[in-house]
Amino acid sequence: VSGDPRMPDRVTRAVLWVLLVVVVLAVPFVFADQGFRLQQFSGWMAFAIAAAGLNLLTGYNGQISVGHGALYGIGAYSVALLVSDQGWPFLLTVPAAGVICFGVGVVVGLPALRIKGLYLALVTIALATLFPLVVEQFSSVTGGRSGKSLTSLQLDPRCVRRRGEEACLDTARERAVRWESPIDGLSADQWKYFLFLAITAVVFLLMANLVRSRMGRSLVAIRDNETAAAVSGVNVSRTKILTFGISAGMAGVGGAVFALNAGTVNPTSFTLLLSIYLLVAVVIGGPSSVMGAAIGAAVYGIFIDVISPELPERAEAATPLILGVLLILQMFFAPFGIVGAYKKAMAKVTARRMLAAAAEWAAAVAAQEAAESQAAAGTTAGAAAPQVGDDRHRSGDGDG
Amino acid sequence: MTNFLQVLVVGIGDGAIYAMLGLGLVVIYRSTGLLNFAAGELSMFSAFFVWTLWNAGLPMWLAILGGMVGGFAVGALLEKVAVSPLGDPGSNPLPIVIVTIGLFIAVNSLAQLIWGTLEKRFESPFGTGQVVLGGVAIQWQKLGSVVVLFVVAGLFFLLFQRTKLGLGMRAVASNSEAAGLCGVPVPTILMLGWGLAAAVGTLAGVFTASAGNALFTNMMQLTLIFGFAAVALGGFDSLGGAIIGGFVVGILSSVVPQYIPLFERMKLAPAFIVILAVLLFRPEGLFGHKQVERV
């Protein structure tokens, strides 16, 4: 009998992880000359963070939101306002955006407590449709339809030399923010990429810990049977509202990264379509799997940034059609997404190997038994037989 | 005062449109307990049927009838192909809601592929005339949408209360399992429900297009939210509630932006607040039934 039959799954998993780390670290050097590609990849990371937030809500908790695009937008606008109007340092605005969106999420998520079912979808689809209008309503702050750039005040150095910083504020000019790499040999684009990669990694690590914690188990318990969860001592209301808050906060962090990456925000980036695409990414990647959101975001990014621009002009309008049909087909054929399909395939392989191992073992026992019965004819053979059956049974249990 | 009445008239006209979409939402909700997020896009799609027929030379009224038949067919087909195979929405609604959201973007994009992104000129079936009463101009178009709404509501009443089909629909709404055991063909009823909802939705699409004199693929996105606000307010399972909710939401979204500067460019904000407030304080709406669940 050779080794643990679950080995191939573990090996594939380890190989995939190593591959992921290598690819993600190599990308900024492979695409060193293509700043726009690096910026697109950073955009995927922003999207992945928000999708992970939505996954926490939809995949783990069974609530559905069609409004995470609006929360993403709120995060992005928070960053733009804090950087351009308040002069905050960039990286401080990321957690700030998360906190702001957490607050919005708690307010918007309140109705989800009152009634079961999918009414949260109703509130959030309204939020997603409303958000661009809010941006236009408060155009004096948000810049309205023309958007808002991330700017910093640039003091005239000659003026500063003559009159000091204080006196020069009124002659200062706004300048689009620029990133400077503090590390020699790393371009600004590469530096940005690694910075966002670090943020993304932190968010995904926190999420992985969260879903394995007591709260993570509460989320799943509520999804599977709310009454049973409540009876088992889960505080359903608190958990649900906290989940929506955290999920919204993650969308906000994603939006913050989006804004820092793009350097400008515009209401047309945060339409209802974005909310739906986030849902598409979660479902395609694999709901209730931490890495599912990242995989879904990558698939979406490849589709939108790589494949779609190659399509003939007339077919470009077909992008939502293809994604929509894909979403529907998936509900029929692979409701647990890419990760779900992978797990299923792996479980099959493992099951087959376990069966083979069990059969091999049974054959060995039978052979031994035959040898024993030959050596000492008598009653010993009868006792060994049920034991074989027992073990095969036990291997079968391990498959699920 | 004249100004207020004028704004009120506009709100009532809009409200009739929201109520029409709301009726379709209620029909589907009653039979399956499902919110159809694709309802607005399906209305838009069949409004394009109407435009195509009208553009081919048919009179507007005939074109609308044809569009309703087309809408009915599309709605029933989608229910058969994409919704019903996923099983009982009562026990596992998430996949079906995701399907309706998939339909939302797919139908929108399909319409763009077929008819392009440019606005199409769309004429009101009631023409452009108006009647002036005490300084308040009432367009035939607005009056017409209210009349059509009440005609549709009357037909719905007859259908549900006076026909065998309607009886079957009510039976399915109240307990689909028991109805099935009594010989009601539940799958057919559900399919017809979607078809009926889409046919009424066609009218919502036609009146939205003729209110703005233009037909374009994204026109129903706001109307959908207004329609949802209407049924949330009226109660998700109440046809009468959808009508009253439609008018209230229509009036609010017309009056509030006019008089409160904060809402000047956010016609949708009152509807959003209505949805949020109703779900928070009276989830069953004004005329709906309380959700009761047995463990």
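Counting starts from 1 at the beginning of each chain's written sequence and moves along it residue by residue. All chains are assigned letters beginning with A, and all ligands numbers beginning with 1, in the order in which they are written. Since the coordinates come from a predicted model, pLDDT governs what is reported: local features require at least 70, and pairs of side-chain atoms require 80 or more to be given and counted, while whole-chain, interface and lining totals use all residues. In computing side-chain values, all of the structure's heavy atoms are included and hydrogens and water are not.

### Re the overall build of chain B
Okay, so step 1: A tally of helices and strands in chain B yields 11 helices and 4 strands.
Okay, so step 2: The quantity called the radius of gyration is restricted to C-alpha atoms. Its globule counterpart is 2.2 Å times the number of residues to the power 0.38. Whereas a compact globule of 295 residues would reach a radius of gyration of roughly 19 Å, chain B reaches 19 Å, a difference of no more than 12%.
Okay, so step 3: Taking the principal axes of the C-alpha coordinates as reference, chain B spans close to 60 × 50 × 35 Å.
Okay, so step 4: Exposure classes here rest on a 1.4 Å probe applied to the protein chains alone. A residue is buried below 20% of its type maximum, exposed above 50%, and partly exposed in between. Across the 295 residues in chain B, those meeting the buried criterion constitute 58%.
Okay, so step 5: The contact criterion used throughout is that any non-hydrogen atoms of two residues lie within 4.5 Å. In chain B, the proportion of contacts linking residues at least 24 apart, taken out of those at least 6 apart, comes to 74%.
Okay, so step 6: In these tables, accessible area is a Shrake-Rupley quantity obtained with a 1.4 Å probe, and a residue counts as shielded only by the protein chains included in the view. In the form shown here, chain B has an accessible surface area of approximately 12300 Å², with 67% of it arising from carbon and sulfur atoms.
Okay, so step 7: Neither His nor the chain ends is counted toward charge; the positive residues are Lys and Arg and the negative residues Asp and Glu. Charged side chains are reduced to one point each, which is NZ for Lys, CZ for Arg, CG for Asp and CD for Glu. Taking the average place of the 13 positive charges on the side chains of chain B and the average place of its 11 negative ones, the gap between the two points comes to 7 Å. To qualify as a helix, a DSSP run of H or I must reach at least 4 residues; to qualify as a strand, a run of E must reach at least 2; elements of each kind are numbered from the N terminus.

### Regarding the packing of aromatic side chains
Okay, so step 1: The aromatic pairing rule takes the rings of Phe, Tyr and Trp, using the six-membered ring of Trp, and pairs them if the centres are within 6.5 Å, calling planes under 30 degrees apart stacked, those over 60 edge-to-face and the rest tilted. Counted according to the given criterion, the structure contains 27 aromatic pairs over all chains.
Okay, so step 2: Between A:Phe29 and A:Phe194, the ring centres sit 5.9 Å apart and the planes meet at 45 degrees, which makes this aromatic pair tilted. On the criterion of sequence distance, the pair formed by A:Phe29 in helix 1 (residues 7-30) and A:Phe194 in helix 9 (residues 188-212) is long-range, its members being 165 residues apart.
Okay, so step 3: Seen from their ring centres, A:Phe258 and A:Phe270 are 5.5 Å apart, and the 75 degrees between their planes marks the pair as edge-to-face. With A:Phe258 in helix 12 (residues 236-262) and A:Phe270 in the loop between strand 4 (264-265) and helix 13 (272-285), the pair connects residues that are 12 residues apart, well separated along the chain. The exposure classification of A:Phe258 matches that of A:Phe270, with both residues buried.
Okay, so step 4: Whether a charge lies above a ring is judged from NZ of Lys or CZ of Arg, which has to be within 6 Å of the ring centre and within 35 degrees of the ring normal. Sitting over the ring of B:Phe160, B:Arg30 keeps its end group 5.3 Å from the ring centre.
Okay, so step 5: The lysine or arginine in question, B:Lys120, covers the ring of B:Trp51, its NZ or CZ lying 5.3 Å from the ring centre.

### Regarding the pattern of salt bridges
Okay, so step 1: Here, a salt bridge means any Lys or Arg side-chain nitrogen found within 4 Å of an Asp or Glu carboxyl oxygen. With the rule as written, the count across this model stands at 7 salt bridges over all chains.
Okay, so step 2: One salt bridge connects A:Lys148 with A:Asp85, and the closest N-O pair in it is separated by 3.3 Å. Of this pair, A:Lys148 sits in strand 1 (residues 148-149) while A:Asp85 sits in the loop between helix 3 (68-84) and helix 4 (90-109), and the two are 63 residues apart along the sequence.
Okay, so step 3: According to the relative accessible area criterion, A:Lys148 is buried, its value standing at 14%.
Okay, so step 4: One salt bridge in this structure joins B:Arg121 and B:Glu123, with 3.3 Å as the shortest N-O distance.

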